[in-house]
Amino acid sequence: MPELPEVETVKNELSPHIIGRRITGVTLFWDGIVKEPSPAEFCKRVAGQEIIALTRLGKYLIASLSSDDKLVIHLKMTGSLILGKDGSEPPKFTRAVIRLDDGQRIFFRDPRKFGVLKLVKNTREIESKLGPEPLEGDFTPKVFLERLANRRPPIKALLLDQKFLAGVGNMYADEALFVAGIDPRRLSSSLTKPEIKRLYNAIRKVLVAGIKYGGASVVTYFRPDGSAGTAHQHFNVAHGQKKTCLVCGSPIERTVVRNRGTYYCPLCQK
Ligand SMILES: [Zn+2]
């Protein structure tokens, strides 16, 4: 599933191609991808609008349009936004095509059909459901410590909670906990101050690395040019791709934390 580094990569790599371009129309191959307003109204309202800015909120992409509408895109489990040209064959599993005035096409490819397109007047509702952005300056070790105080859930589950922290999902939570040397099943309230500091640094480190490598293409994520990211090649434990721990040589183990498959090193993570 695309997480913060994947969505940030899509934003960075799409922006130079689409900012300032006018949307001439949208073709839906599957109406269900549009959640708000009705598919017909969505297509009608989007057409003719210029894309003023592209930003990321947690795992959401937000395209600000010239009429002050916000086009909200969520890639969910298996979505990708692939750039093409007028006349290019849409990739398999394309659910929507956004046509731009210079002949470019944005193909929303989404095999599992969990992806979302929405047109809203503002993003307040989305923002109200998101915790701090982990790479922003206002997310400090002190803020992290305060947010963790008296929280009971296993630390892995809390890291996945978008209201606790925006943008972290299954892969980068496993990676951050490995880098911090913390067992994912530990109750959040049991973490010591030094452990919290290590985890804070680890979260930022793994997200920055994920962006640097263009995201992780483990299952179906692609960059806008159709290429794969390489972040997964640098994972220590996530997805269980590496069979043994690079630090201690122990076999990487799999457990389940709140219904999410979780990979960790039983020796390095206490
Ligand atoms: Zn180890």
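Residues numbered from 1 in each chain as written. Predicted model: local features only at pLDDT ≥ 70, side-chain atom pairs only at ≥ 80, totals over all residues.

Broken down by element type, the protein carries seven helices and eleven strands. For the protein, whose C-alpha radius of gyration is 19 Å, the value lies close to the compact-globule estimate of 18 Å for 270 residues. Across its three principal directions, the C-alpha atoms of the protein cover 55 × 35 × 30 Å. A buried classification covers 39% of the 270 residues belonging to the protein. At a minimum sequence separation of 6, the contacts of the protein that also span at least 24 residues come to 63%. (Helix = DSSP H or I, 4+ residues; strand = E, 2+ residues; numbered from the N terminus. Rg over C-alpha atoms; globule rule 2.2 N^0.38 Å. Buried ≥ 20, exposed ≤ 12 C-beta atoms within 10 Å, placed from the backbone. Contact = placed C-beta atoms within 7 Å.)

A separate point is helix H1 (residues 4-18). Across its 15 residues, H1 extends 20 Å between first and last C-alpha, which sits within 8% of the 21 Å expected from 1.5 Å per residue. When H1 is considered as a whole, its buried residues turn out to be Leu4, Pro5, Glu6, Val7, Glu8, Thr9, Val10 and Leu14. One or two residues past the end of H1 sits Gly20, with phi positive at roughly 90°. (Expected span 1.5 Å × (residues − 1).)

Here the focus is the domain arrangement of the protein. Here the protein is described as being made up of domain 1 (4-128) and domain 2 (141-264). The gap between the C-alpha centroids of domain 1 and domain 2 is 28 Å. The interface is formed by 17 residues belonging to domain 1 together with 21 residues belonging to domain 2. Elements with a contribution of two residues or more to the side of domain 1 that touches domain 2: H1 and strand S6 (80-85). Considering every element that reaches the side of domain 1 that touches domain 2, the biggest residue donor is H1, with eight residues. Broken down by class, the residue content of the side of domain 1 that touches domain 2 amounts to nine nonpolar, four polar and four charged. (Domains from an automatic or database assignment. Nonpolar A, V, L, I, M, F, W, Y, C, P; charged D, E, K, R; others polar.)

This part takes up the sheet that holds strand S5 (residues 70-74). If you trace the five strands from one edge of the open sheet to the other, you get S2-S9-S5-S4-S3, paired in mixed fashion. Two strands in the sheet have a free side with no partner beyond their single neighbour: strand S2 (34-36) and strand S3 (51-57). This sheet shows a mean twist of 25° between the axes of neighbouring strands, independent of strand direction. Here S5 runs beside strand S9 (residues 116-120); their pairing, made up of five bridges, is antiparallel. If you follow Leu71 over to S9, its bridge partner there is Leu119. Relative to the sheet, helix H2 (residues 39-46) contacts S2, S5 and S9, its axis offset from that of S9 by approximately 65°. (Pairing = 2+ DSSP bridges. Axes fitted to C-alpha atoms, helices over the stretch in contact; angles between N-to-C directions.)

Here the focus is the pairing of strand S8 (residues 104-109). Where a strand is regular, its side chains alternate between the two sheet faces. Direction of pairing for S6 relative to S8: antiparallel, over a ladder of six bridges. Note that in S8 the partner of Ser80 across the bridge is Arg109. When strand S7 (residues 94-100) meets S8, the two strands line up antiparallel, connected through five bridges. Among the inter-strand pairings, Ile98 is bridged to a residue of S8, identified as Ile106. Counting the residues in the hairpin turn of S7 and S8 gives three residues, including Gly103, whose phi is positive at 95°.

Let's shift gears to the packing of helix H6 (residues 170-180) against helix H7 (residues 193-212). Axis separation between H6 and H7 bottoms out at 8 Å; the angle between their running directions is 130°. Taken together, the axis directions place H6 and H7 in an arrangement best described as oblique. Judged by the twist between their axes, the crossing of H6 over H7 is right-handed. Residues Tyr172, Glu175, Ala176, Val179 and Ala180 of H6 lie in contact with H7, whose contacting residues are Glu195, Arg198, Leu199, Ala202, Ile203, Lys205, Val206, Leu207 and Gly210. Per-class residue counts for the contact of H6 with H7 are nine nonpolar, one polar and four charged. (Parallel < 35°, antiparallel > 145°, perpendicular 65-115°, else oblique. Left-handed = near helix turned anticlockwise from the far one by under 90°.)

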